[in-house]
Amino acid sequence: MERKRRAPVAAAKIMLCSAMCLAAAITGCDRADDTPRLRVEVIATRPHDTRAFTEGLEVDGDTLYESTGLSGQSYIRATTLDGGTELARADLPAPLFGEGVTVAGNLLWQLTYRDGIAFARDPKTLTELRRTTFDGEGWGLCTRAGRVLMSNGSATLTFRDPETFTPTGTIALTSHKDAKLNELDCAPDGSVYANVWPTDTILHIDPETGTVLHAIDASDLLPRPARTPATDVLNGITHIPGTDHFLLTGKNWPTTYEVRFLPD
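Residues numbered from 1 in each chain as written. Predicted model: local features only at pLDDT ≥ 70, side-chain atom pairs only at ≥ 80, totals over all residues. Heavy atoms only, no water.

Novice: Help me understand the sheet that holds strand 11 (residues 147–151) in this model?
Specialist: One key point about sheets: their strands pair by backbone hydrogen bonds, in either a parallel or an antiparallel sense. Pairing is antiparallel in the open sheet, where four strands are placed in the order 10-11-12-13. At either margin of the open sheet sits one strand with a lone partner, and together these are strand 10 (141–144) and strand 13 (167–172). On average, each strand axis in the sheet is tilted by 25 degrees relative to the strand beside it, whichever way the strands run. Across five bridges, the pairing between strand 12 (residues 156–160) and strand 13 is antiparallel. Pairing of Thr158 across the sheet is with Thr170, part of strand 13. (Pairing = 2+ DSSP bridges. Helix = DSSP H or I, 4+ residues; strand = E, 2+ residues; numbered from the N terminus. Axes fitted to C-alpha atoms, helices over the stretch in contact; angles between N-to-C directions.)

See below:
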């Protein structure tokens, strides 16, 4: 299974950005600069397993779930939110590539990348209860108002039934139409936060209308010059219940950051 590739090298990025800016000027496309900004304030840090190629984070009560990727190396685990004690773990059979995760009622759903399989698991034991299939790629998951939201690497979110995983509708972003939405978090206020692959940007979205409410630059968390060949992109966001704080991390990152988002 192909690994999601890192961002291009600096020279290529400059050329790409220049081309995109020129295209926006010519076509009148929406630009990220028009979007209200939020900044990241770090509240605390905690260690993160540098072997974890993070694809999904979810906090449910006092349990933190993390789903990881890479073919033949994917697993999902549940740990205590406060101390990181492992409560349960399930490894995906090779060559499956794990992706997003969410708790929906009495089920925990876990995606695969290009395998077209979604696992329904017991949230306590992570035992597979059943599996179903879906079309296209699987990237991120979260649960909102009794519906599961799924990303597939495009600027469109798919609503799914929490019991059957059957698609029940879609919503496309009204701006940032080239965004590759990845890991998702459904916040208590009904909005959705989405990592944008392969960047350090998080979009704050109204899932009813597709409006991008805010753009968040998280590049200061682990600046690219400080990253090693082993670290990959920012990916992993989840709200901490009862607070206005979120957990953020990345693929093979050494740190998980407890943060809040403030006006820029």
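Novice: What is the right way to look at the pattern of salt bridges in this model?
Specialist: Within this structure, the stated rule accounts for twelve salt bridges. One salt bridge connects Glu66 with Arg77, and the closest N-O pair in it is separated by 3.3 Å. Highlighted residues: Glu66 in strand 3 (residues 63–68) and Arg77 in strand 4 (residues 75–80), separated in sequence by eleven residues. Assigned by exposure class, Glu66 and Arg77 land together as buried. The closest approach of N and O atoms between Asp200 and Arg224, which form a salt bridge, is 3.4 Å. Highlighted residues: Asp200 in the loop between strand 15 (192–196) and strand 16 (201–206) and Arg224 in the loop between strand 17 (211–217) and strand 18 (234–239), separated in sequence by 24 residues. The class for Arg224 is partly exposed, based on a relative accessible area of 33%. (Salt bridge = Lys/Arg side-chain N within 4 Å of Asp/Glu carboxyl O. Buried < 20%, exposed > 50% of the residue type's maximum accessible area, 1.4 Å probe, protein only.)

Geometric descriptors of this kind do not, in isolation, establish any biological role.
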